[in-house]
Amino acid sequence: MENTETQQPVQVTGTAQVQQVVMPAAAPAPTAVPTAAPTPVPTPAAPVPDPKLQQLKDCILSANVPQLVMISISYALDLRSSDIHIEPLETHVRIRYRVDGVLKPIVEYPSNLHPAVVSRIKIMSNLKIDEQRIPQDGRADVTTKDGKEMDLRVSTLPTVNGEKIVMRIQDKSREIPDLPDLGIKGISLKNLEAALASPNGIIINTGPTGSGKTTTLYSCLTRLNTDAVNILTIEDPVEIQLDGLNQSQVHHDIDYSFAKGMRAALRQDPDIMMVGEIRDKETADTAIEASLTGHLVFSTLHTNSAVESITRLINIGVQPYLITSTIELIIAQRLVRRICEHCKRPVQTGPEMVQIVKNALEHLHAEGEIDPALAEGLQFYEAPGCDQCGGVGYHGRVGLYEVFRMNNELRRLIAASASTLDILDAAQKSGMVTLEQAGIIKALEGVTTLEEVYRVARKSD
């Protein structure tokens, strides 16, 4: 049951069009066709099919399931994918890759192949082949034919059409970028570096799932990773294994939680600790205890902004006086797609959007954070798409960062149970750049588009 999506990359129609363009240049007789060959016209031809995609389709046609699975993983790496989705539908199964945060259809295959594909992936990740009624989670280490080593986090979910598979890809050969390479700059980078130099305190990273929190924390730990310190991490799961770090993975089924891991880590003579997430009061109390006893602690929360993390901690049950004495820095972050440099062009912005941008920049109190000429011109960019970016208009991603550095004025407001708006206003006056402002600056610099910025950041009132 090969559908149109499977057949499109085989450039049959494109080849026919090129032949029709060349043939009229020669005599109408069939013998004149060879004379047209020496005069190829360098007009834009149909794109050449991706060889790896063609291999994937050949595996589907030949029902070579082991190769189908391996090539689909390898091809996902080539496209810089973070996740592979294998989804059974009513009449067929489709494979989609998440590239730069957006799902992209790749290929489809017949439903009768799906049980074999699921079994192959389950064998790779040590899951139960005969259990199809409940979700399962597993992990696999994979080395592709071209020598790429990957760590796969595999999740299965029973659906009405069969088991859905999602594989999170972690390329072991990928190096952790340094903080400036992630997109942190200016006063945000200065405040973060100052917090990393602190002997103790808590540094919290907040944002939705898939916003790059783990990469940011690993980048911070990489800077601190020397022979002179003992770094312990409690994670769920351990996503990236780094030399020099003592990394432990929690197991909820045997009652090994973040809080228990933190308490055990405190007996391991640590200098720096990282706990994967503060989910409850017990974990928060243990992190605070570690900070008060002279340790630098990293963790994550799920909130919409840096300031809202204060409210979240209070809701969990942490007393305000403990927040003011232990929190050193809070980072809120999002990921936006980078605009394609090959097809980037200036774009006119509507008056309503220009007014929104001006209102946001009016509250920017960080000196030197933006070039005055850019703030005056308010020139933004778009990318219609080209061959280099696959017609999307974007290639790669960059982070937007909102860095909240604790100071005495903010401590006073938190201790007095001030509102979130009052704390936000004081933080901005002390130089904090909000997610919206950070996105606008990157859009003015031609790194991304306003559309991307407001896809992930809220507009200020």
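Above: the structure in question.
Description of the structure in this document.

## Considering the overall build of the protein
Along its length, the protein carries 19 helices and 15 strands. By sequence separation, contacts in the protein at least 24 residues apart represent 66% of the contacts at least 6 residues apart.

## Overview of empty space enclosed by the protein
Scanning the entire structure with this criterion turns up three cavities of 30 Å³ or more. Of the volumes computed, that of the largest cavity is approximately 110 Å³. Along its surface, the largest cavity is lined by Gly 183, Ile 184, Lys 185, Ser 188, Glu 369, Gly 399, Leu 400, Tyr 401, Val 433, Ala 438, Ile 441 and Lys 442. Those elements that place two or more of their residues in the lining of the largest cavity are β15 (394-405) and α18 (435-444). Residue composition of the lining of the largest cavity, by class: six nonpolar, three polar and three charged. Put simply, the second largest cavity is a space of about 60 Å³. What lines the second largest cavity is simply Ile 202, Ile 204, Ile 278, Ala 284, Ala 287, Ile 288, Leu 313, Val 318, Ile 323, Thr 326 and Ile 327.

## Observations regarding the packing of aromatic side chains
Scanning the entire structure with this criterion turns up one aromatic pair. With centroids separated by 5.9 Å and ring planes inclined at 65 degrees, the aromatic side chains of Tyr 75 and Tyr 97 adopt a geometry described as edge-to-face. In this pair, Tyr 75 sits in helix α5 (residues 65-78) while Tyr 97 sits in strand β2 (residues 92-99), placing the two residues 22 residues apart along the sequence. Neither Tyr 75 nor Tyr 97 differs from the other in exposure class; each is buried. Over the ring of Tyr 381 we find Lys 344; its NZ or CZ atom is 5.2 Å from the centre of that ring. The positively charged end of Lys 459 is found above the aromatic ring belonging to Tyr 454, 5.5 Å away from the centroid.

## What to know about the nonpolar core
Ranked by internal contacts, the top residues of the largest apolar core, which has 44 residues, are Ile 204, Ile 327 and Phe 404. Counting residues per element, this core draws most heavily on helix α12 (residues 306-316), at five residues. Among residues more than four places away in sequence, those in contact with Phe 404 are Ala 306, Val 307, Ile 310, Glu 328, Leu 329, Ile 330, Leu 410, Ile 423, Ala 427 and Met 432. Judged by nonpolar contacts, the second largest core, of 36 residues, contains Leu 53, Leu 68, Ile 71 and Ile 86.

## Topic: the sheet that holds strand β3 (residues 102-110)
Across the sheet, six strands lie side by side as β3-β2-β1-β6-β5-β4; this open sheet has antiparallel pairing. With one partner strand each, in any of the chains shown, β3 and β4 (136-143) form the two edges of the open sheet. With direction set aside, neighbouring strand axes in the sheet form an average angle of 20 degrees. Judged from the seven bridges that link them, strand β1 (residues 81-88) and β2 form a sheet pairing that is antiparallel. Each residue of the ladder has a partner; that of Ile 86, found in β2, is Ile 95. Against the sheet, helix α4 (residues 51-62) contacts β2 and β3, and its axis sits at roughly 35 degrees relative to β3.

## Thoughts on the sheet that holds strand β9 (residues 245-249)
Read across the open sheet, the seven strands follow the order β9-β8-β10-β11-β7-β12-β15; overall the sheet is mixed. The open sheet has two free edges, formed respectively by β9 and β15, since each of these has just one partner strand. Here the average twist between neighbouring strands, direction ignored, is 20 degrees. Pairing geometry for strand β8 (residues 231-235) and strand β10 (residues 272-275), over four bridges, is parallel.

## As for the pairing of strand β7 (residues 201-206)
Counting buried residues along β7, six of its six residues qualify, which places the element largely inside the surrounding structure. Residues Gly 201, Ile 203 and Asn 205 point to one face of β7 and Ile 202, Ile 204 and Thr 206 to the other, with burial holding for every one of them. Relative to strand β11 (residues 296-301), β7 runs parallel, the two being bridged by six bridges. Within β11, the position partnered with Asn 205 by the bridge is Thr 300. Alignment of β7 against strand β12 (residues 327-339), held across five bridges, turns out to be parallel.

## Quick word on the packing of α12 against helix α17 (residues 420-429)
Where α12 contacts α17, the two axes come as close as 9 Å, and the packing angle between them is 140 degrees. Taken together, the axis directions place α12 and α17 in an arrangement best described as oblique. Here the hand of the crossing between α12 and α17 comes out right-handed. In this structure, α12 uses Val 307, Glu 308 and Thr 311 to contact α17, whose residues at the interface are Thr 420, Ile 423 and Leu 424.

## Quick notes on unusual backbone geometry
Across the chain, the bulk of peptide bonds are trans and the bulk of non-glycine residues have phi less than zero. The peptide bond linking Asp 236 to Pro 237 adopts the cis configuration, its omega dihedral lying at -10 degrees. The topology assignment puts Pro 237 in the loop between β8 and β9. Phi at Arg 80 takes a positive value of approximately 65 degrees, unusual for a residue other than glycine. Positive phi, close to 65 degrees, is recorded for Asp 255, a residue that is not glycine.

## Brief notes about the pattern of salt bridges
Evaluated as defined, the whole model comprises 24 salt bridges. Each of the salt bridges in this network shares a partner with another, and the network as a whole consists of Glu 87, Arg 94 and Arg 96.

## Thoughts on helix α8 (residues 186-196)
By the burial criterion, the buried members of α8 are Ser 188, Leu 189, Asn 191, Leu 192, Ala 195 and Leu 196. Looking straight down α8, one finds that the buried residues subtend no more than 165 degrees of arc, so they occupy a single side.

## So, the environment of Arg 168
Within the fold, Arg 168 resides in strand β6 (residues 162-171). Taking relative accessible area as the criterion, Arg 168 reaches 30% and is therefore assigned partly exposed. Separated by 2.6 Å, the side chains of Arg 168 and Asp 83 make a polar contact.

## Let's talk about the side chain of Ser 299
Secondary-structure assignment places Ser 299 in strand β11. With relative accessibility at 0%, the residue Ser 299 sits in the buried group. The contact partners of Ser 299, leaving out residues within four places of it in the chain, are Ile 203, Ile 204, Asn 205, Leu 217, Val 275, Gly 276, Glu 277 and Ile 278.

How each quantity is defined
- Residues numbered from 1 in each chain as written.
- Predicted model: local features only at pLDDT ≥ 70, side-chain atom pairs only at ≥ 80, totals over all residues.
- Heavy atoms only, no water.
- Helix = DSSP H or I, 4+ residues; strand = E, 2+ residues; numbered from the N terminus.
- Contact = heavy atoms within 4.5 Å.
- 1 Å grid on protein atoms, 1.4 Å probe; cavity = no way out; pocket = protein on both sides within 12 Å on 5 of 7 lines; lining within 4 Å.
- Points joined across faces, edges and corners; volume = space filled by probe spheres on them.
- Nonpolar A, V, L, I, M, F, W, Y, C, P; charged D, E, K, R; others polar.
- Phe/Tyr/Trp six-rings, centres within 6.5 Å; stacked < 30°, edge-to-face > 60°.
- Buried < 20%, exposed > 50% of the residue type's maximum accessible area, 1.4 Å probe, protein only.
- Lys NZ or Arg CZ within 6 Å of the ring centre and 35° of its normal.
- Core = buried A, V, L, I, M, F, W, Y, C linked by side-chain atoms within 4.5 Å.
- Pairing = 2+ DSSP bridges.
- Axes fitted to C-alpha atoms, helices over the stretch in contact; angles between N-to-C directions.
- Parallel < 35°, antiparallel > 145°, perpendicular 65-115°, else oblique.
- Left-handed = near helix turned anticlockwise from the far one by under 90°.
- Salt bridge = Lys/Arg side-chain N within 4 Å of Asp/Glu carboxyl O.
- Arc of directions from axis to C-beta.
- Polar contact = N/O pair within 3.5 Å; in protein donor to acceptor, adjacent residues only side chain to side chain.

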